[in-house]
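# Residue-level structure breakdown
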2 protein chains.
Amino acid sequence: MTKTETRIQKKNQAAILAAGLKVFSQYGFRGSTLDQIAKEAGLSKPNLIYYFASKDLIYKALLDRLLENWMEPIYQIDATGDPVEELIGYARRKLTMSQNYPAESRLFANEIIQGAPQIGDALRGELRRVVKKTASTIDAWVAAGRIQPVNPYHLIFSIWSITQHYADFDVQVKAVMGPEDPFPSAQDYLENMLRRMLTASPGASG
Amino acid sequence: MTKTETRIQKKNQAAILAAGLKVFSQYGFRGSTLDQIAKEAGLSKPNLIYYFASKDLIYKALLDRLLENWMEPIYQIDATGDPVEELIGYARRKLTMSQNYPAESRLFANEIIQGAPQIGDALRGELRRVVKKTASTIDAWVAAGRIQPVNPYHLIFSIWSITQHYADFDVQVKAVMGPEDPFPSAQDYLENMLRRMLTASPGASG
DNA sequence: CGCTAATTTTACCAGCTGGTCAAATCAACG
DNA sequence: CGTTGATTTGACCAGCTGGTAAAATTAGCG
């Protein structure tokens, strides 16, 4: 009764979501058209509307799916693990996501720049909560003297911004660096940065 | 002969550019409409077209003006100055720009995410050149043992991404941190990060 | 095969979009 | 105050936009 999904439905819904991701991530919600998405998906416009009743619904479906994947890496931080390695691991997972899902990263960026009309609630709810919890973990690590004093919120923001930069600003990265793949050296840089930031420094105490 | 700009022209062109900035920075080029911009500028659409013959021209005028301002801070890095202070100063200038010109930052972000159709040439030309020069400066500082070894390209990217994050992802920053102004603590964080990254570490030699 | 429900297509629409054109109004200079 | 050029407006348009309705086609099942 519940499993009414046909083979064709699955195929076409997947094609539409893939097409929507490609188009929305580049042009944003308002800059994208159903014709564009339909063409990209290899369907006629009314046929597309047969699967998703409106442009809005495609967009919402994409963002729902995205939000889960996007927040997952932060949940994997283990408060009982080694602080430096946990944070480096987190940064590595985020960077890998930028590398493997650049369109998703740009979709997210577009939504936020536009003012987060769809996912604002999730940001102020679940995201805020998990970041707060992670910040507590980091603060505890600092209090225990296991890492250098650091503002946990800005530490997290800097991990987000650096890792997403390679997806969102990909064109600029390539313009500046040339065709060379930036990800391997970016990973080294990030790891290095976090290690130096978090590891006890020599003389200075404050 | 050349100075044919009337008082009204100046006023209306400025109003159109301000309106265009506001609208384009939020919705991107394709997601923005002339009606929206005209309304925001307090003009009728034909009147707007009287000053800028097309939507494209408004957008191009904005990006031209933006590019200059955007690159200026990097030109101020002084190869003969103190390395750590020069780089911290650069980061501070970029952060201040994000704080004072968030719409400009988002306009730039939108243009890049969209694939930089307008400013791609400038990125591959002037930007690439000045970054290359700055990278040489940083490499020289490393070679002279004045800062820790670091990949200069990724160092620059990380300064760009972190500073712009507070403008582009402003909604997310506020969602996570609450209404508190993030800029003062962000500046502390950034300075701290750069200082720890660039300053000689204790034991390890490599 | 023959039937039914799922899928696809064709034709269409109202409102928006970027932009035009000519007429009307206004500013400012002599 | 009149005239000339700058500015503004109202009416308009072709093509695009999100979406509809109904007919035509196809898939899958017995």
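All of the points below concern the structure found in this document. (Residues numbered from 1 in each chain as written. Chains lettered and ligands numbered in written order. Predicted model: local features only at pLDDT ≥ 70, side-chain atom pairs only at ≥ 80, totals over all residues. Heavy atoms only, no water.)

The next thing to look at is the packing of aromatic side chains. As enumerated under the stated definition, the model contains 16 aromatic pairs over all chains in all. Note on Tyr166 of chain A and Phe157 of chain B: the rings are 6.1 Å apart at their centroids and 85° apart in plane angle, and the pair reads as edge-to-face. On the criterion of chain membership, the pair formed by Tyr166 of chain A in helix H8 (residues 152–168) and Phe157 of chain B in helix H8 (residues 152–168) is interchain, its members lying in two chains. Taking the relative accessible area as the measure of exposure, Tyr166 of chain A reaches 4% and is therefore buried. (Phe/Tyr/Trp six-rings, centres within 6.5 Å; stacked < 30°, edge-to-face > 60°. Helix = DSSP H or I, 4+ residues; strand = E, 2+ residues; numbered from the N terminus. Buried < 20%, exposed > 50% of the residue type's maximum accessible area, 1.4 Å probe, protein only.)

Let's shift gears to the interface of chain A and chain B. Contact residues are listed per partner, giving 56 residues for chain A and 56 residues for chain B. Between chain A and chain B, a total of about 5,000 Å² is buried, with carbon and sulfur atoms accounting for 65% of that surface. Put simply, chain A and chain B have zero salt bridges between them. If you look at where chain A meets chain B, you find 19 residue pairs in polar contact (both at pLDDT 80 or more). The set of elements that each furnish at least two residues to the side of chain A that touches chain B consists of helix H1 (7–31), helix H6 (102–113), helix H7 (120–143), H8, helix H9 (170–177) and helix H10 (183–198) of chain A. No other element matches H8 of chain A, which puts twelve residues into the side of chain A that touches chain B. Of the residues that constitute the side of chain A that touches chain B, the class distribution is 30 nonpolar, 19 polar and seven charged. (Contact = heavy atoms within 4.5 Å. Buried area = accessible area lost by both parts, 1.4 Å probe. Salt bridge = Lys/Arg side-chain N within 4 Å of Asp/Glu carboxyl O. Polar contact = N/O pair within 3.5 Å; in protein donor to acceptor, adjacent residues only side chain to side chain. Nonpolar A, V, L, I, M, F, W, Y, C, P; charged D, E, K, R; others polar.)

In the region of DNA strand C, 18 residues are neighbours, and Thr6 and Tyr51 of chain A together with Leu34, Lys45 and Lys55 of chain B sit closest. Backbone atoms, meaning sugar plus phosphate, form 62% of the atoms of DNA strand C positioned within 4 Å of the protein. Asn12 of chain A is positioned with one of its side-chain polar atoms (N or O) 2.9 Å from a phosphate oxygen of DNA strand C. Measuring from a phosphate oxygen of DNA strand C, one finds a backbone N or O atom of Ser32 of chain B at 3.2 Å. The biggest single contributor to the surface near DNA strand C is helix H3 (residues 45–51) of chain A, with four residues. Across the surface near DNA strand C, the residue classes tally to six nonpolar, eight polar and four charged. (Near = heavy atom within 4 Å.)

This paragraph deals with the protein's contact with DNA strand D. Close to DNA strand D lie 18 residues, the nearest being Arg7, Leu34 and Lys45 of chain A together with Thr6 and Tyr51 of chain B. Take the atoms of DNA strand D that sit within 4 Å of the protein: sugar and phosphate atoms are 62% of them. At 3.2 Å from a phosphate oxygen of DNA strand D is found a main-chain nitrogen or oxygen belonging to Ser32 of chain A. Separating a phosphate oxygen of DNA strand D from a backbone N or O atom of Lys55 of chain A is a distance of 2.9 Å. Ranked by the residues each element gives to the surface near DNA strand D, the list is headed by helix H3 (residues 45–51) of chain B, at four residues. For the surface near DNA strand D, the residue count by class is six nonpolar, eight polar and four charged.

Bringing the relation of the copies chain A and chain B into the picture now. For the pair chain A and chain B, the relating rotation is 180°, the translation along its axis is 0.0 Å, and the fit reaches an RMSD of 0.0 Å. The operation mapping one copy onto its partner corresponds to a two-fold rotation axis. Relative to the rotation axis, the C-alpha of Gly31 of chain A is the closest in chain A, positioned 1.9 Å from it. Looking at chain A, 100% of its interface residues are interface residues in chain B too, so the copies touch through the same face. (Least-squares fit on C-alpha atoms with pLDDT ≥ 70 in both.)

These figures capture arrangement, not role.
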